[in-house]
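Examining the three-dimensional arrangement
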Amino acid sequence: MTPQRDLVSRATRNAIRRPMNVLARGAICEYWENEGFQAIEGYVPTREGGVRQTAFDSYATGVDWADEEQVRRALRVFESLLRRLRKEGALESAEEVEISQLLARDGCQLDEELRIHVPRVAHLELHLAALGNASGIRSELERVRRVGTEYPDDAIGAAKQLIEATAKLVLYERGRPVNENDDVPALIKQAQQALQLHPAALPASQASTPPDNAESIKRILGALSSAAIGVAELRNRYGTGHGRLTAPTGLGPRHARFAVGTACTWCELLLDTLQDPDAPWRNHP
């Protein structure tokens with residue numbers, strides 16, 4: 001079997017380890033343990049470093065860097081450590097740039113507030129940079145980023161709200177009214193229609209049909225619309241946001257990844273189309 005690739009490279013981990021010698025050992029341990037990690041008992045250093053760097057290693061060595069859930073929690077540790085370094089004036093600008101570049105190679109994004117965004121969330125964040133009224137989406141992206149797959153019902157709830165916030169942003173940017181009483185399926189349909197992405201609104205396919213009107217695109221758009229509506233229905237049954245007599249059972253990380261991935265795909269399509277200067281909605285309003 002091919003060994004799994006580390007989701008965060010050794011180079012990135014080393015760059016974050018390097019300035020640890022200016023932090024208190026207790027603070028380093030606390031940040032790791034706040035995210036559920038434990039130091040390796042009887043850890044024997046395998047490389048040079050001070051007491052504080054060794055403390056960092058005693059936790060980092062025990063992380064499975066190919067496991068998505070462990071990596072998400074470890075990235076939250078890195079955020080806390082970097083923020084502490086910045087607060088104490090111990091994070092050099094050159095170090096921050098290096099760490100940002102290394103994280104980018106790993107497919108992550110380090111923002112100005114030293115939050116680390118994983119790939120799907122990072123891609124959506126890049127879209128929002130050009131939009132001035134995206135605080136609702138940013139709030140839901142932060143929920144998705146923080147929750148991860150540890151709490152599937154929370155992740156499903158955040159995925160639904162991410163879709164809803166994106167639909168409302170599209171309608172706002174297109175100058176369409178937003179009815180707060182509309183349910184999510186209605187908002188999905190309205191947002192796709194506003195960008196000429198709803199299959200029912202596309203003209204019939206012809207021999208010289210552009211890609212956006214092709215029958216294959218219509219089928220994909222129809223399936224994607226149904227998938228986004230499915231996330232909303234999944235949240236109504238299993239996600240957070242409703243008081244329940246009994247808690248949902250059987251949910252696992254794969255359900256969380258499925259819901260968040262579906263939501264991100266739908267949101268990426270709409271934000272891509274909203275900002276594409278050659279999108280059909282611009283030429284045929």
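About the cut-offs
Residues numbered from 1 in each chain as written. Predicted model: local features only at pLDDT ≥ 70, side-chain atom pairs only at ≥ 80, totals over all residues. Heavy atoms only, no water. Buried < 20%, exposed > 50% of the residue type's maximum accessible area, 1.4 Å probe, protein only. Helix = DSSP H or I, 4+ residues; strand = E, 2+ residues; numbered from the N terminus. Contact = heavy atoms within 4.5 Å. Phe/Tyr/Trp six-rings, centres within 6.5 Å; stacked < 30°, edge-to-face > 60°. Disulfide = S-S within 2.5 Å. Salt bridge = Lys/Arg side-chain N within 4 Å of Asp/Glu carboxyl O.

1. Focus: helix H3 (residues 51-60)
Of all ten residues in H3, eight are buried, a share of seventy percent or more. Among the residues of H3, Gln53, Thr54, Ala55, Phe56, Asp57, Ser58, Tyr59 and Ala60 are the ones counted as buried. Packing partners of the buried residues in H3 comprise helix H1 (10-17), helix H2 (25-34) and helix H4 (68-87).

2. Topic: the packing of aromatic side chains
Counting across every chain of the model gives six aromatic pairs. The interplanar angle of 80° and the centroid separation of 5.3 Å between the aromatic rings of Trp32 and Phe37 together place this pair among those described as edge-to-face. Each member of the pair, Trp32 as well as Phe37, carries the same accessibility label: buried. Pairing Trp32 with Phe56 gives two aromatic rings, centres 5.6 Å apart and planes at 70°, and the pair type is edge-to-face. Of the two residues, Trp32 is situated in helix H2 and Phe56 in helix H3; the sequence distance between them amounts to 24 residues.

3. Observations regarding H1
Since the α-helix advances by 3.6 residues per turn, residues separated by three or four positions end up pointing in the same direction. Among the residues of H1, those classed as buried are Thr12, Arg13, Ala15, Ile16 and Arg17. Contacts from the buried residues of H1 go to H3, H4 and helix H5 (93-105).

4. Describing the state of the cysteines
Chemically, a disulfide is nothing more than a covalent bond linking the sulfur atoms of two cysteines. Overall, the coordinates contain zero disulfides when judged by the stated rule. Cys264 provides the cysteine sulfur closest to Cys267, a residue in no disulfide bond, and the two sulfurs are 6.5 Å apart.

5. A few points about the pattern of salt bridges
For the structure on display, the rule yields 13 salt bridges. When the shortest N-O distance is used, the salt bridge between Arg84 and Glu88 registers 2.7 Å. Since its relative accessible area comes to 26%, Arg84 is described here as partly exposed. Across the pair Glu180 and Lys168 runs a salt bridge, and its minimum N-O distance is 2.8 Å. Of this pair, Glu180 sits in the loop between helix H8 (152-173) and helix H9 (184-194) while Lys168 sits in helix H8, placing them twelve residues apart in sequence. Through salt bridges with shared partners, one network takes in Lys160, Glu164, Lys168 and Glu180.

6. Some remarks on unusual backbone geometry
Positive phi, normally seen in glycine, also occurs at Leu114, with a value near 60°. Relative to the assigned elements, Leu114 resides in the loop between strand E1 (109-110) and strand E2 (116-117). Although it is not a glycine, Gln196 adopts a positive phi angle of roughly 55°. Examined against the element boundaries, Gln196 turns out to sit in the loop between H9 and helix H10 (215-238). Gln196 gets classed as partly exposed once you look at its relative accessible area, which sits at 25%.

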